[in-house]
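In case you want the letters, here they are:
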Amino acid sequence: MTDEPGPAERALYLAAVRGGGRLRPEELAAADRPTVAALVARGLLTPTATGYTATNPRALGDRLGVELRTRATRLLLHAERLPNILGPLTHAYEAVRRPDGPFGPGGPGGFGPETVEFDTTIDIRQRISELVSECKEEILAAQPGPRPLDGLQMALAQDLSLLRRGCSMRTLYQPVTLTDRAVLRQIALRTRQGARVRVLAEPYERVLVFDRSVAVIPAAEDRSRAAFLTDPTTVAYLVAHFERDWARATPADRHLDSPHPTTVRIGRLLARGLTQRAVATRLGVSERTVAAHISRLRDRYGAQTLFHLGWHLRGQRHD
């Protein structure tokens with residue numbers, strides 16, 4: 001039996017309520033008997049000498065709430081214990097010397113040749129999940145196009161675990177990704193734990209790199225297959241391309257949270273061509289205060305110089 005009453009149970013319960021809170025046996029069809037039995041089992045109907053009486057659903061909600069919270073607590077405790085339970089198996093697996101291959105010495109675990117392809121989404125996700133769990137230092141991710149919300153939600157717990165154990169995570173997105181507020185919230189949950197995100201308004205290819213030793217790229221135009229690469233030269237080439245794109249990308253902070261109002265005003269004045277000293281005079285604050293806000297703007301836009309920052313802010317001159 002599910003936690004919540006189904007459509008037939010809801011309809012019969014509402015019929016009982018409309019009938020003054022009672023159901024008489026003669027009012028019921030033979031097909032209603034399983035539904036009545038389910039409502040009695042849930043405690044929404046109570047048998048009486050003359051039929052059935054409806055009870056307050058609040059009691060059912062309170063009881064189910066307690067049961068669900070208890071179940072969730074048990075699952076959380078089991079999740080906390082699971083790494084220790086699997087610890088001996090993990091140590092045995094990692095202690096085995098592996099042959100050279102995509103996941104051989106120096107890289108995450110596994111066996112096989114220097115390139116492995118997976119043909120199903122389930123296999124691809126499972127292998128990527130394993131690489132995230134085994135990652136020790138860094139994940140680089142270039143993710144063009146919209147990001148499926150369900151995929152981000154499924155990976156959240158594992159990504160947060162990776163960040164908490166000290167690994168770094170850098171991700172490139174295209175602007176279209178950050179137009180979905182639910183996706184933005186998922187990204188923000190990661191950046192609050194130290195993940196870094198930048199936006200690049202240019203075409204680029206999808207790639208994941210784990211510890212600079214394993215790279216994952218699409219192996220089909222429709223991305224139905226993925227190739228897992230470990231050749232050092234190939235992986236280094238992909239990392240170099242990622243770093244080039246990362247350097248040109250813009251930090252995504254401005255998409256994740258709103259800047260301070262004073263920072264916005266300073267940005268608008270800079271966009272009009274005012275100098276740092278002129279901005280300080282206009283706002284009646286110290287140059288040091290203006291410099292601090294300019295530093296935040298530089299971080300937000302990835303600008304190295306005031307000229308570069310002014311170029312990024314040029315679209316705000318009409319404000």
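Preceding block: the structure.
Residues numbered from 1 in each chain as written. Predicted model: local features only at pLDDT ≥ 70, side-chain atom pairs only at ≥ 80, totals over all residues. Heavy atoms only, no water.

Caption draft 1: Main features of the packing of aromatic side chains. As enumerated under the stated definition, the model contains one aromatic pair in all. For Arg 170, the ring lying beneath its charged end belongs to Trp 246, and the centroid distance is 5.1 Å. (Phe/Tyr/Trp six-rings, centres within 6.5 Å; stacked < 30°, edge-to-face > 60°. Lys NZ or Arg CZ within 6 Å of the ring centre and 35° of its normal.)

Caption draft 2: Fine view of the pattern of salt bridges. Taken as a whole, this structure holds twelve salt bridges when the rule is applied. Linking Glu 243 and Arg 170 is a salt bridge whose minimum nitrogen-to-oxygen distance equals 2.7 Å. With a gap of 73 residues between them, Glu 243 in helix α7 (residues 232-248) and Arg 170 in strand β6 (residues 168-173) connect regions that are remote in the sequence. The partly exposed category is assigned to Glu 243, whose relative accessible area is 25%. Residue Arg 170 is classed as buried on the basis of its relative accessible area of 9%. Residues Glu 202 and Arg 248 are paired through a salt bridge, measuring 2.6 Å at the closest nitrogen-oxygen approach. Here Arg 248 lies in helix α7 and Glu 202 lies in the loop between β7 (196-199) and β8 (207-210), a separation of 46 residues in the sequence. The exposure class of Glu 202 is partly exposed, given its relative accessible area of 31%. (Salt bridge = Lys/Arg side-chain N within 4 Å of Asp/Glu carboxyl O. Helix = DSSP H or I, 4+ residues; strand = E, 2+ residues; numbered from the N terminus. Buried < 20%, exposed > 50% of the residue type's maximum accessible area, 1.4 Å probe, protein only.)

Caption draft 3: View of helix α9 (residues 261-271). Turning to α9, its buried residues are Thr 263, Ile 266, Gly 267, Leu 269, Leu 270 and Ala 271. Looking one or two places after α9, you find Gly 273, whose phi comes out positive at around 100°.

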